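Breakdown of the fold
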Amino acid sequence: MNAASNIGSKSLAVFYSFAMVSALLLPKWSIETFGCKNVLLVGMIVTCCYIASNVYLCVETMVAASILYGVVISSYISAQSLYVNEMAIRFQLTTRNNIETVMACFFGIYAFFLESSQVSGNIISYFVLRIPSYVVERRNNSESNKCGINFDSDNSANITNTNLLPPPEIERIVLISIFVSLGILAVILAGFFLESVMTTEKNVNGFQSICHSFVANLLHLKNYQQVLLIPISVLIGLQSSFFSNEVTLVSKLSLILYLIARLFENKNPFSF
């Protein structure tokens, strides 16, 4: 949808760059300063803005939205985890189960809804972008011996494949409007019904808090097990961006390396 002039690739590069820096410095400070609920609401609003930026496809708009989203995303995810953690702790007080079991259950429920949102999003996209029944679908064939990273979309044998064309303008606007509307609805529901989580952390100077977070991350380097996780995490981060956004343009080697890294990290390798 935003592949023209590599707008999508450029904006994603900007997003991941800012997300990496913000993940090291901002989550603790932002939650201490603004509160967990406010961080969560701001993250949801910025997510809506990031989706809405696809309405006007230009480098300036997409990059600006990517910078904003990259700065907020780490604090947003941290706020989500803090809420799940708080719910698990409160629920554990009413049961005889240990905290590890309850925590695993709650984060499992969280992961279920997180993954199901991707499924429901794909279903919505299918109904919006599908070819109407009254339109005679053309036979779309591409060269079968060149696929993945070696696929040549400019080849004369592939250029007539309508599946490779971006969606019509009206369908793109409708799709973006649906997702933005759902996001705004989520913001309204969270704003009215979500309880604020009180933090027990002592408020400190913003610069000191950011420096403390940076130093705390550096201290992990004392543990060789943490150091060994760095290359695996870097590989997963690099590969995930391709699988999440340009899955048809990756090589077999990239796929194998990604699956191996996911196995070493003790995660489901197929949970993209």
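Residue positions are given per chain, counting from 1 as you read along its sequence in written order. In view of the model being predicted, local features appear only for residues whose pLDDT reaches at least 70, and side-chain atom pairs are presented and counted only at 80 or more, with totals across whole chains, interfaces and linings using the full set of residues. Side-chain numbers here rest on the full set of heavy atoms in the structure, without hydrogens or water.

1. Quick word on the overall build of the protein
Going along the chain from the N terminus, every DSSP run of H or I of four or more residues is numbered as a helix, and every run of E of two or more is numbered as a strand. Within the protein one finds 9 helices and 0 strands. Counting from the amino terminus, the protein carries its helices and strands in the arrangement α-α-α-α-α-α-α-α-α. Relative accessible area decides the class of each residue, using a 1.4 Å probe on protein chains only: under 20% of the type maximum gives buried, over 50% gives exposed, and in between gives partly exposed. For the protein, the proportion of its 272 residues judged to be buried stands at 28%. Whether two residues are in contact is decided by their heavy atoms: any pair within 4.5 Å suffices. Sequence separation of 24 or more characterises 68% of the internal contacts of the protein that already satisfy a separation of 6 or more. Summed over its atoms, the accessible surface of the protein is roughly 18100 Å², and 67% of this surface lies on carbon and sulfur atoms. Computed by Shrake-Rupley with a 1.4 Å probe, the accessible areas treat only the displayed protein chains as cover when residues are assessed.

2. Examining the environment of Gln-80
Turning to its location among the elements, Gln-80 is positioned in helix 4 (residues 59-92). Taking the C-alpha atoms as reference, Gln-80 lies 9.3 Å from Val-39; in sequence the two are 41 residues apart.

3. With respect to the pattern of salt bridges
Close approach of charged atoms lets side chains of opposite charge pair. Any carboxyl oxygen of Asp or Glu within 4 Å of a side-chain nitrogen of Lys or Arg constitutes a salt bridge here. Counted under the stated rule, the structure contains 4 salt bridges. The closest approach of N and O atoms between Lys-28 and Glu-32, which form a salt bridge, is 2.6 Å. Of the two residues, Lys-28 and Glu-32 both sit in helix 2 (residues 27-34), 4 residues apart, roughly one turn of that helix. Note on Lys-28: relative accessible area 32%, which makes it partly exposed. The partner of Arg-90 in a salt bridge is Glu-195, with the nearest N and O atoms 3.3 Å apart. Taken as a pair, Arg-90 in helix 4 and Glu-195 in the loop between helix 6 (169-193) and helix 7 (206-219) lie far apart in primary sequence, 105 residues in all. Taking relative accessible area as the criterion, Arg-90 reaches 39% and is therefore assigned partly exposed. Judged by its relative accessible area of 48%, Glu-195 falls in the partly exposed class. What emerges from the salt-bridge pattern is a single network uniting Glu-86, Arg-90 and Glu-195.

4. A closer look at the side chain of Gln-80
Accessibility expressed as a relative area gives 18% for Gln-80, which makes it buried. Polar contact is the term for a pair of N or O atoms within 3.5 Å; when the atoms are in protein, one must be able to donate a hydrogen and the other to accept it, and sequence-neighboring residues count only if both atoms are side-chain atoms. In this structure the side chain of Gln-80 is engaged in a polar contact, spanning 2.6 Å, whose partner is the side chain of Tyr-110. Excluding anything up to four places from it in sequence, Gln-80 contacts Leu-40 and Tyr-110.

5. Some words on the confidence of the model for the protein
Averaged over all residues, the pLDDT of the protein equals 76, while 65% of them reach at least 70. Segment residues 266-272 is flagged for pLDDT under 50; beyond a separation of four residues in sequence, or across chains, it makes 12 contacts in the model. The quantity known as pLDDT measures the predictor's confidence residue by residue, on a range of 0 to 100.

6. Details of the packing of aromatic side chains
Ring pairs shown here join Phe, Tyr and Trp side chains whose ring centres sit within 6.5 Å, with only the six-membered ring taken for Trp; geometry is labelled stacked below 30 degrees between planes, edge-to-face above 60, and tilted in between. As enumerated under the stated definition, the model contains 9 aromatic pairs in all. Aromatic pair Phe-107 and Tyr-110: ring centres 6.4 Å apart, planes at 85°, arrangement edge-to-face. Here Phe-107 and its partner Tyr-110 are both found in helix 5 (residues 99-129), 3 residues apart, which amounts to about one turn of the helix. For Phe-107, a relative accessible area of 30% translates into the label partly exposed. Ring pairing ties together the aromatic residues Phe-15, Tyr-16, Tyr-50 and Tyr-69, which thus form one cluster.

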